[in-house]
Amino acid sequence: MTPQTLAQQCQYVSCTLDNGVAELILDRPGKHNAFDEVMISEMIQVLEYFAHHPQCQVLVVRANGKNFSAGADLNWMRKQATMDFEQNLCDANELAKLMSVLDKFPKPTIAKVQGAAFGGALGLICCCDIAIANERASFCLSEVKLGLIPAVISPYVTRTIGQRAARRYMLTAERFSVQKAIELQVIHEVSDDLDAAAEPIINALLANSPQGMAWAKSLLSTLESGVIDKATLDHTSERIASIRVSIEAQEGLNAFFEKRSPDWTISNSSTANSSIANSPVDKNNSAASAPGAK
């Protein structure tokens, strides 16, 4: 299946792939890119497709229209109110899967944010590695206004802005500006030309080892507790020892000492191995099967 074929199968999401850069595009501008169960399913499908695509090196998450996303679709929320517990649990599990798949995506991810980014949209942004927004971007965790809570996105939002800030913005449901989003580390850069702002970042990512970036993301996910004990020291030592003997790392080191550009295509992988984040790496393996390796 090609990205074009996949995009044609989707109703509310589009996607592209060009020169190593994939795009997941929220494409429901008439509804301010509000989520419903169809859109969530389509986003998961596109993310899983690009996670395993050997030509995808960077993923950009962006939206068509005036706003990035207004969060949950009102008709979807009305439908949820008529569901029983089991139906609501199934519904919530799909949103949780979306956030997890994006958070664990094995290649660098960049969010380009314009206008409003409310509720679940803020979760998407916090799941991306890098986020850029325009000057008129605004953010809100508005769930408590409706008697709800931002439960599914809370791990990612709290990890990003911290427990203290999460207490304020989840409880007050106040809208905050892009400048406050910078302070809270939700957004890294502000620019009214999102494409121009993203270009040097994308170029930097494309110049790096796909395997190295994938392993760096995996490593960071294991360090979120902040605990530094013997298990942490053993784990990090094993990671660096394993990657040093990999084909791609050998190419990177040799290219550096030979004063040439590395050929990252020397390590070839057609699938991403998501288990790397949760299991030890075989020191005798070339690590070519690491997510994002080529």
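S.K.: In this structure, what is going on with the overall build of the chain? I would like to understand it.
M.R.: Counting its regular elements, the chain contains twelve helices and nine strands. Against the compact-globule benchmark of 19 Å for 294 residues, the chain has a radius of gyration of 20 Å, which places it among compact chains. Taken along its principal axes, the extent of the C-alpha atoms in the chain is 60 × 45 × 40 Å. Residue burial in the chain is summarised as follows: out of 294 residues, 49% are buried. Contacts in the chain between residues far apart in sequence, at least 24 positions, make up 69% of those at least 6 positions apart. About 14500 Å² of surface is accessible on the chain, with carbon and sulfur atoms providing 54% of the total. A distance of 4 Å separates the average location of the 26 positive side-chain charges in the chain from that of its 32 negative side-chain charges.

S.K.: Is there a simple way to explain helix α5 (residues 120–127) in this structure?
M.R.: Since the α-helix packs 3.6 residues into each turn, any two residues three or four apart lie on the same face. Counting buried positions along α5 gives eight out of eight residues, so the element sits mostly inside the fold. Among the residues of α5, G120, A121, L122, G123, L124, I125, C126 and C127 are the ones counted as buried.

S.K.: Would you take a moment to explain the packing of aromatic side chains for this structure?
M.R.: Two measures describe an aromatic ring pair: the distance that separates the ring centres and the angle between the ring planes. Going through the model one piece at a time under the given rule, you end up with four aromatic pairs. On the basis of an interplanar angle of 20 degrees and a centroid distance of 5.6 Å, the ring pair of F139 and F176 is categorised as stacked. Residue F139 is located in strand β7 (residues 138–140), and its partner F176 is located in strand β8 (residues 176–177); the two are separated by 37 residues in the primary sequence. In this structure, F139 and F176 share a single accessibility class: buried. Here Y169 and F176 contribute two aromatic rings whose centre-to-centre distance is 4.8 Å and whose plane-to-plane angle is 55 degrees, an arrangement assigned as tilted. Judged by its relative accessible area of 5%, Y169 is buried.

S.K.: Please clarify how the nonpolar core should be interpreted in this entry.
M.R.: Among soluble globular proteins, nonpolar side chains are generally buried collectively. Core analysis: the biggest nonpolar cluster contains 61 residues, and F50, V113 and F139 have the highest contact counts within it. Sort the elements by how many residues they give to this core and helix α2 (residues 37–51) lands first, with nine residues. Residues within four places of F50 in sequence aside, it is in contact with P3, C15, T16, L17, A22, E23, C56, L59, F105 and K107. With 13 residues, the next largest nonpolar core counts V21, L194, I201 and L205 among its residues.

Reading guide: rules and limits
Residues numbered from 1 in each chain as written. Predicted model: local features only at pLDDT ≥ 70, side-chain atom pairs only at ≥ 80, totals over all residues. Heavy atoms only, no water. Helix = DSSP H or I, 4+ residues; strand = E, 2+ residues; numbered from the N terminus. Rg over C-alpha atoms; globule rule 2.2 N^0.38 Å. Buried < 20%, exposed > 50% of the residue type's maximum accessible area, 1.4 Å probe, protein only. Contact = heavy atoms within 4.5 Å. Areas by Shrake-Rupley, 256 points an atom, 1.4 Å probe, with all protein chains shown as cover. Lys, Arg positive; Asp, Glu negative; His and termini not counted. Charge placed at Lys NZ, Arg CZ, Asp CG, Glu CD. Phe/Tyr/Trp six-rings, centres within 6.5 Å; stacked < 30°, edge-to-face > 60°. Core = buried A, V, L, I, M, F, W, Y, C linked by side-chain atoms within 4.5 Å.

Read these as spatial facts, not as claims about activity.
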